[in-house]
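Okay, here's what each chain looks like letter by letter:
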Amino acid sequence: MTETYFDLPVRVYYEDTDCARVVYYANYLKFMERARTEWLRALGWSQEELYQRHRIVFVVAEAKVRYIRPAHLDDELIVRARISDCRRASFCFTQEILRAGEKLASGEIRCGVLNADTFRPTAMPEEMSAKFKELLIS
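Now for a quick tour of the structure. Here the structure is a predicted model, which means the values were calculated and not measured. (Residues numbered from 1 in each chain as written. Predicted model: local features only at pLDDT ≥ 70, side-chain atom pairs only at ≥ 80, totals over all residues. Heavy atoms only, no water.)

**A short note on the sheet that holds strand β4 (residues 90-99)**
Judged by pairing direction, the sheet is antiparallel, and its 5 strands sit side by side in the order β1-β3-β4-β5-β2 without closing on themselves. Both edges of this open sheet fall to β1 (5-11) and β2 (56-67), since each of them pairs with a single strand only. Direction aside, neighbouring strands of the sheet carry axes that sit 25° apart on average. Direction of pairing for strand β3 (residues 76-86) relative to β4: antiparallel, over a ladder of 8 bridges. Within the sheet, the bridge partner assigned to A81 lies in β4 and is Q95. Against the sheet, helix α1 (residues 25-42) engages β1, β2, β3, β4 and β5 (102-115), with an angle of about 130° to β1. (Pairing = 2+ DSSP bridges. Helix = DSSP H or I, 4+ residues; strand = E, 2+ residues; numbered from the N terminus. Axes fitted to C-alpha atoms, helices over the stretch in contact; angles between N-to-C directions. Contact = heavy atoms within 4.5 Å.)

What follows is the structure, encoded as structure tokens:
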């Protein structure tokens, strides 16, 4: 992880593709989800810890994806995640999926922070908010 972004290597498996061996469009969102989860883990927060200790969960409130070029069976991809906005009870990621430096897809994902018991919006922990704001891209 660098100062502002996190890269997750992903290999495309048969289960990720359609009958033409092209990555099925919805699976790009799964790859992005994995990168966001591993980014959080690299920062020291697991989803389970946040649920158990802080009683919060994250939900995708909005997802915008631009598909540029197809990924294929056995491709080695880099799924990049960068935080681009941080508010009291939500945050946004800018994400890219790359193959050998070529951008295949890009996305903007807004996540909401919910109380795990009520499923109502709630503020994220202060230390998390401070770290996210430190990592914001310009």
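**What to know about a nonpolar patch on the surface**
A cluster of nonpolar side chains, namely Y24, Y25, L29 and Y67, defines an oily patch on the protein surface of about 410 Å² accessible area. Locating L29 in the fold gives a position in helix α1. Residue class for L29 comes out partly exposed when judged on its relative accessible area of 33%. (Patch = residues over 30% accessible without salt bridge, like charges linked within 9 Å, V, L, I, M, F, W, Y side chains within 5 Å. Areas by Shrake-Rupley, 256 points an atom, 1.4 Å probe, with all protein chains shown as cover. Salt bridge = Lys/Arg side-chain N within 4 Å of Asp/Glu carboxyl O. Buried < 20%, exposed > 50% of the residue type's maximum accessible area, 1.4 Å probe, protein only.)

**A few points about the packing of aromatic side chains**
All chains considered together, the criterion is met by 10 aromatic pairs. When the ring of W39 is compared with that of F132, the centres are 5.2 Å apart and the planes differ by 45°; the resulting orientation is tilted. One end of the pair, W39, is in helix α1; the other, F132, is in helix α3 (residues 126-134), with 93 residues separating them in the sequence. Like F132, W39 is buried. Through pairs of rings, three or more aromatic residues link up here, namely W39, W45, F58, F91, F93 and F132. Sitting over the ring of Y51, R55 keeps its end group 4.5 Å from the ring centre. Above the face of the Y5 ring, R80 is positioned so that its terminal group lies 4.1 Å from the ring centre. (Phe/Tyr/Trp six-rings, centres within 6.5 Å; stacked < 30°, edge-to-face > 60°. Lys NZ or Arg CZ within 6 Å of the ring centre and 35° of its normal.)

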